[in-house]
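Chain residues, written in single-letter form:
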Amino acid sequence: MENKIDFDRIERRAAARKKTFRAVDYFFLVIWALMVLFPFYWMILTSVKSYSTYNAEYIPKFFTLSPTFQNYVDAFTTVSLGRYFLNTIIFTVITTAVMMVVIIPAAFAFARLEFPGKSLAFTLFLSLMMIPNELVVITNFVTITNLHLRNTFTGLILPSVTSVFYIYLLKENFEQIPDELYRAARVDGTSDFKYLTRVMLPISKPTLVTIVILKVIECWNAYVWPRLITDDARYFLVSNGIQEIRENGFGRENIPAMMAAVVVISAPLIVLFLIFRKKVMAGVSRGGTKG
Amino acid sequence: MKKKSMKGWLYLLPAILFLGCFMVYPLIDVLIYSFEEGYNSASQTYTGIGLYNYSYVLRDPYFLQAVRNTFLLVIITVPLSTGIALLISLGLNAIKPLRNLFQTVYFLPYVTNTLAVGLVFMILFKKTAYSDGLINLLIQWFGGNSVDFIDGPYWAKMFVLCFYTVWVVMPFKILILTSALASVNPEYYSAAKMDATRSFRVFYKITLPMISPMIFYLVITGFIGAFKAYSDAVALFGTDLNAAGMNTIVGYVYDMLYGNSGGYPSFASAAALILFAIVLTITVINLMISNKKVHY
Amino acid sequence: MKVVLQNLTKRFPNRNKKGDDVIAVNDFNFEIPDGKLIGLLGPSGCGKSTTLNLICGLETPSSGKILFGDDDVTRLPPENRGVGLVFQNYALYPHLTVLDNILFPLQNLRGTEKLTKQQMQEKALTAARLVQIDQLLERKPSELSGGQQQRVAIARALVKMPRVLLLDEPLSNLDARLRLQTREEIRRIQQETGITTIFVTHDQDEAMSISDMIVVMKDGVVQQIGQPQDVYDSPVNLFVATFLGTPPINVLDGRVQGGRLYIGDAAVLAVPGVGDQKVSVGIRPEAFTLDEKGPFEVSLSRVEVMGRDTSVVSTHPASRNPFIRAIIPARNKVDRTAKTVRFSLMGEKVFLFDANTDARIYFDAE
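Rules used throughout
- Residues numbered from 1 in each chain as written.
- Chains lettered and ligands numbered in written order.
- Predicted model: local features only at pLDDT ≥ 70, side-chain atom pairs only at ≥ 80, totals over all residues.
- Helix = DSSP H or I, 4+ residues; strand = E, 2+ residues; numbered from the N terminus.
- Buried ≥ 20, exposed ≤ 12 C-beta atoms within 10 Å, placed from the backbone.
- Contact = placed C-beta atoms within 7 Å.
- Pairing = 2+ DSSP bridges.
- Axes fitted to C-alpha atoms, helices over the stretch in contact; angles between N-to-C directions.
- Domains from an automatic or database assignment.
- Nonpolar A, V, L, I, M, F, W, Y, C, P; charged D, E, K, R; others polar.
- Parallel < 35°, antiparallel > 145°, perpendicular 65-115°, else oblique.
- Left-handed = near helix turned anticlockwise from the far one by under 90°.
- Expected span 1.5 Å × (residues − 1).
- Bend = angle between axes of the 7 residues up to and from the residue.
- Core = buried A, V, L, I, M, F, W, Y, C linked by C-beta atoms within 7 Å.
- pLDDT = per-residue confidence, 0-100.

### So, the overall build of chain A
Within chain A one finds 15 helices and zero strands. When its C-alpha atoms are laid out on the principal axes, chain A stretches across 80 × 70 × 35 Å. Counting over 291 residues, chain A shows a buried share of 38%.

### Focus on the overall build of chain C
In terms of helices and strands, chain C carries eight helices and 21 strands. A principal-axis box enclosing the C-alpha atoms of chain C has dimensions of 75 × 50 × 40 Å. Taken over 366 residues, chain C has a buried fraction of 40%. For chain C, long-range pairs separated by at least 24 residues make up 65% of all intrachain contacts whose partners lie at least 6 apart in sequence.

### Re the sheet that holds strand β7 (residues 164–168) of chain C
Residue and element names in this part refer to chain C. Taken in spatial order, the six strands of this open sheet run β6-β7-β8-β3-β9-β10, and their pairing is mixed. Of all the strands in the sheet, just β6 (83–86) and β10 (221–226) have a single pairing partner and so form its edges. Across the sheet, the mean angle from the axis of one strand to that of its neighbour is 15°, orientation sign disregarded. The sheet contact formed by strand β9 (residues 213–218) and β10 spans five bridges and is antiparallel. Across the sheet, K218 pairs through a bridge with V221, a residue of β10. Seen against the sheet, helix α1 (residues 48–56) touches β3 (37–41), β6, β7, β8 (196–201) and β9 and runs at an angle of roughly 150° to β7. On top of the sheet, helix α4 (residues 146–158) reaches β6 and β7; it is set at about 170° to β6, its chief contact.

### Notes on the domain arrangement of chain C
Residue and element names in this part refer to chain C. Once the domains are mapped, chain C shows domain 1 (3–242) and domain 2 (248–361). Just the C-alpha atoms count here: the centres of domain 1 and domain 2 sit 39 Å apart. Taken together, the contact pairs seven residues of domain 1 with ten residues of domain 2. Residues that form the side of domain 1 that touches domain 2 fall into these classes: five nonpolar, two polar and no charged.

### A short note on the interface of chain B and chain C
Where interface size is given, it is often the accessible area lost as the parts come together that is meant. Taken together, the contact between chain B and chain C spans 16 residues of the former and 16 residues of the latter. Every element with two or more residues in the side of chain B that touches chain C is listed here: α8 (186–194) and α9 (199–227) of chain B. Top element by residues in the side of chain B that touches chain C is α8 of chain B. It accounts for six residues. Within the side of chain B that touches chain C, the residues separate by chemical class into seven nonpolar, four polar and five charged.

### Considering the packing of helix α4 (residues 81–112) of chain A against helix α8 (residues 164–175) of chain A
All names here are of chain A. Where α4 meets α8, the closest approach of the two axes is 8 Å, and the angle between their N-to-C directions is 50°. In terms of their interaxial angle, α4 and α8 are classed as oblique. In terms of crossing hand, the pair formed by α4 and α8 is right-handed. Taking contact as the criterion, the partners of I103, I104, A106, A107, F108, F110, A111 and R112 in α4 are, on α8, Y166, I167, L170, K171, F174 and E175.

### A few points about the domain arrangement of chain A
Residues and elements named next belong to chain A. Examined at the domain level, chain A breaks down into domain 1 (2–68) and domain 2 (71–287). Measuring from the centre of the C-alpha atoms in domain 1 to the corresponding centre in domain 2 gives 37 Å. Each partner contributes to the interface: domain 1 provides ten residues, whereas domain 2 provides nine residues. Only α1 (2–47) and α2 (51–56) provide two or more residues apiece to the side of domain 1 that touches domain 2. It is α1 that provides the largest number of residues to the side of domain 1 that touches domain 2, a total of four residues. Each residue belonging to the side of domain 1 that touches domain 2 can be placed in one class, and the counts come to four nonpolar, five polar and one charged.

### Side note on the sheet that holds strand β20 (residues 350–354) of chain C
Residues and elements named next belong to chain C. With respect to topology, six strands assemble into an open sheet ordered β13-β12-β11-β14-β20-β21, the strand pairing being antiparallel. Lying at the two open borders of the sheet, with one neighbouring strand each, are β13 (266–270) and β21 (360–361). Pairing analysis gives five bridges linking strand β14 (residues 277–283) to β20, with the strands arranged antiparallel. Bridged to I283 within β20 is V350.

### Structural notes on α8 of chain A
The first and last C-alpha atoms of α8 of chain A sit 17 Å apart over twelve residues, in line with the 16 Å expected at 1.5 Å per residue. Along α8 of chain A, the residues classified as buried are Y166, I167, Y168, L169, L170, N173 and F174 of chain A.

### So, the interface of chain A and chain B
Chain A puts 74 residues into the contact, and the matching count from chain B is 73 residues. Of all the elements, α1 of chain A adds the most residues to the side of chain A that touches chain B, at twelve residues.

### Section: the packing of α4 of chain A against helix α11 (residues 205–220) of chain A
Residues and elements named next belong to chain A. Put simply, α4 and α11 touch, their axes get as near as 9 Å, and they point 140° apart. Crossing hand, α4 versus α11: right-handed. Facing α4, whose interface residues are T88, F91, T92, T95, T96 and M99, α11 presents V212, K215, V216, C219 and W220. Partitioning the contact of α4 with α11 into residue classes produces six nonpolar, four polar and one charged.

### A few points about unusual backbone geometry
Omega for the peptide link from T246 of chain C to P247 of chain C comes to -10°, which places this bond in the cis form. Tracing the backbone through its elements, the reader meets P247 of chain C in the loop between α8 (238–243) and β11 (250–257). Even without glycine at this site, N151 of chain A takes up a positive phi of about 55°. Its location among the elements puts N151 of chain A in the loop between α6 (133–146) and α7 (153–161). The exposure class assigned to N151 of chain A is partly exposed, which follows from the 16 C-beta atoms found within 10 Å. With phi around 55°, A196 of chain B is a residue other than glycine that occupies positive phi space. Residue position: A196 of chain B is located in the loop between α8 and α9. Owing to 19 C-beta atoms within 10 Å, A196 of chain B belongs among the partly exposed residues under this scheme.

### Some points on the environment of M161 of chain C
Relative to the elements of secondary structure, M161 of chain C occurs in the loop between α4 and β7. Given 13 C-beta atoms within 10 Å, M161 of chain C falls into the partly exposed group.

### Focus on the environment of K49 of chain A
Residues and elements named next belong to chain A. Inspection of the secondary structure assignment puts K49 in the loop between α1 and α2. Owing to 23 C-beta atoms within 10 Å, K49 belongs among the buried residues under this scheme. Between the alpha carbons of K49 and M130 there is a distance of 47 Å; along the sequence they are 81 residues apart. Ignoring any residue separated from it by four or fewer positions in sequence, one finds K49 in contact with Y54, T64 and P256.

### Observations concerning the pairing of β9 of chain C
Residue and element names in this part refer to chain C. Two elements, β3 and β9, share four bridges in a ladder whose sense is parallel. Among the inter-strand pairings, I38 is bridged to a residue of β9, identified as M213. From the end of β9 to the start of β10, which pair antiparallel, there are two residues, and D219 there has a positive phi angle of about 50°.

### What about the environment of V216 of chain C?
Residues and elements named next belong to chain C. Inspection of the secondary structure assignment puts V216 in strand β9. Between the C-alpha atoms of V216 and K48, which are 168 residues apart in sequence, the distance is 8.9 Å. Other than its neighbours up to four places away in sequence, V216 contacts L41, G42, Q223, Q224, V231, V240 and F243.

### Remarks on helix α7 (residues 154–182) of chain B
End to end, α7 of chain B covers 41 Å across 29 residues, agreeing with the expected 42 Å (1.5 Å per residue, within 8%). Along α7 of chain B, the sharpest change in direction is near 40° and occurs at M170 of chain B; proline P171 of chain B comes one to four residues later.

### A few points about the nonpolar core
By size, the foremost hydrophobic cluster in this structure holds 258 residues, and its most contacted members are A261 and V262 of chain A together with A271 of chain B. Counting residues per element, this core draws most heavily on α7 of chain B, at 14 residues. With residues up to four places along the chain from it excluded, the contact list for V262 of chain A reads M43 and I242 of chain A together with A116, L119 and V120 of chain B.

### Points about the confidence of the model for chain C
All names here are of chain C. For chain C, the mean per-residue pLDDT works out to 89, and 98% of the residues sit at or above 70. Within chain C, α8 carries the highest mean pLDDT (94), whereas strand β5 (residues 71–72) carries the lowest (87). Predicted complex, confidence summary: ipTM 0.87, pTM 0.82.

Listed below in structure tokens is the structure:
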């Protein structure tokens, strides 16, 4: 009989411990979620407060009953946010597209073709992966300046195209496609190029999508290079735009308008992320680090 | 055969052109720059070859300030963010309902523009004539003294920078660690359960060794990333980081290259190479430790 | 330790919420005697692994009770039950050496049970010697063969002297030769330790060869419990009859009329006491005797010589399978050119089953 009581206690204790643990767990998860979400909430909230309301609140209110969209209108009219936006889209699309055109044949050559000096070329190429961007930016800056390409899209795009890492990622993926497929295609008289476009690219679609997503995120957030290479506001990307707005736009104190601009700039990637949530997260965990 | 061999290089050609122009050449060039003394960017002439650029940079108080800031940032944020991310991932791993929602929310900072959200942080922490800012009001509410985190004392500025950096790097770490945790074979946990293993021991003896390769990966990439910190600082303190006393090594490189204090590619090159040497050393040390510690 | 399962039932909610619950284990009753080796046998998905998980506590039953001796452990968390479990894939911690793997459970003991380092070392060594891996203690699991890993897993489960030892498909990851050797080993270890042991398998050979008792399960329902030979000799239904035995039992359509069993038009066996009805007939391969005047005639397909025995493969219109297989001693020669062969049948190796319910119909074989 004594045994039974003991067992009951063990059971109850185990259940209680589990419940407490779960409650604590959720509590901390919610805390962090709030820490993540709060800045987003705050920027949206501030962006719909009017200039006078915002500045009149010594103690900022956590909600507003009279939202205004005037700040959004200002963001597009007072400063050239629309232009920054368009620039960024052009920059992102062209850079990503050119990059794909460059990396796909390169990855194919390393994965499938035999040519003299291949292993040496690949080794040199791998060692380039270790080189930080900060090291090459200096000369690139001088090169682009000397070519008189400052404040042009060409100057913005050219050095942003190269990505050793994505070639590597794609090459690894190409190599997983069985050799038999390639041999079968050769026997059928398929050319290398046709094989690449008809067989390898469709099979590698998930990896291609991953690379595109990562590159788009990278382009959208690009700051350092555009800042170096553009000082004409007509060629600013959103990152430079926001810095420009902070330092010269709206007058320094018009924070609601600034927040409206921030919302507009942040929204596209967030929407894109929410739509392709799984793909983005899978892609980043396979091959991304920030920046 | 000959035709075939040409073809491989043909496919590589675009990549080689781009890499050659914008990576290999700059790499050689930056080395040369760093040894050219008294380089004049207008006339593109220099007065001599030597180590003067390095010694100048190493004695420049702005550079030393930047090195100090960067090291502080690295030492504080890398362990902190990895540790918190591990705790959050463990928490995520233990629940089922709402897990996807939490994961999605936690990932949001990854897809936001560092500069843009930095502005929000600046507003939350800044003290202006109109308002003390939300964070300061919170501090006052708890009975503390308000501090201007953006233009105030050094420790306050460093705090915001670290806080924002952790906020920004967290999504990647949480993502990597949750997938590492999820990939641990559940049989190990069942086995441990059968043996009445306490949960702390399960964590320390099973979970941690199993995910240790991923933790080291995060620490190494975390170190590299934090050493290159720049845009977070710009977002919070504006482009004139030297004036704010919050410059980073990368920031110093860019300032030397361009902007009000710019026009010195030689100094910039020397500073960039010093940074590269630091990062390389630390990575090698990290790898040596991880080879000893990581199982498998 | 005696293990009692009372009305044990486990339901899993259906994945698409509209469907019915899946009943993995249905009303399982069994009193496992102390110190025996029990084989839980059945095709995959029959609920045998779920039963094992219920006993060790990784799953909680929907209803029913589990008792270890007199203790009700139904709702007790697994860590307090004192069971040892060997996983199908062993679940050895890959970063720990063999010795550390075996020490692991001992290091968890607390309070009055806490051991000194010396004691732990001794116990681990004893367990390692028992499974004969004391030469491999410093290796990592990845450096061991499948059979060695299996032994380490058993040692780890045994080292804390569990009240009950559970093995989940212990032999399924081993190759054929190792399987034979390891099952003998399991038997030996079980007999040396005297721990009540339950193992799950889908391989009837494995279960028959080493178990004191076997439990045959199908679709979550226990079909038959008994000593291996008894179950083989007297299956309670068609499923048990077909599941046990290699080569498998031959199943034919037949009918009983006037106390005689007819297959096709031939009366092949006297079955006294069975009413007139259609039946399923199960004939063990060893039930056949070559007999020129025998009542059961089949069309000969081929003869396979297997050394000790000869296997006669033939066809019959009433057979449910493409072929009928008879095993006869090799000294009895079969005319390979003959079109047909005649057999007489041994009554105790022929089973009748209800054509609708598959339940056994008993008769007195003389």
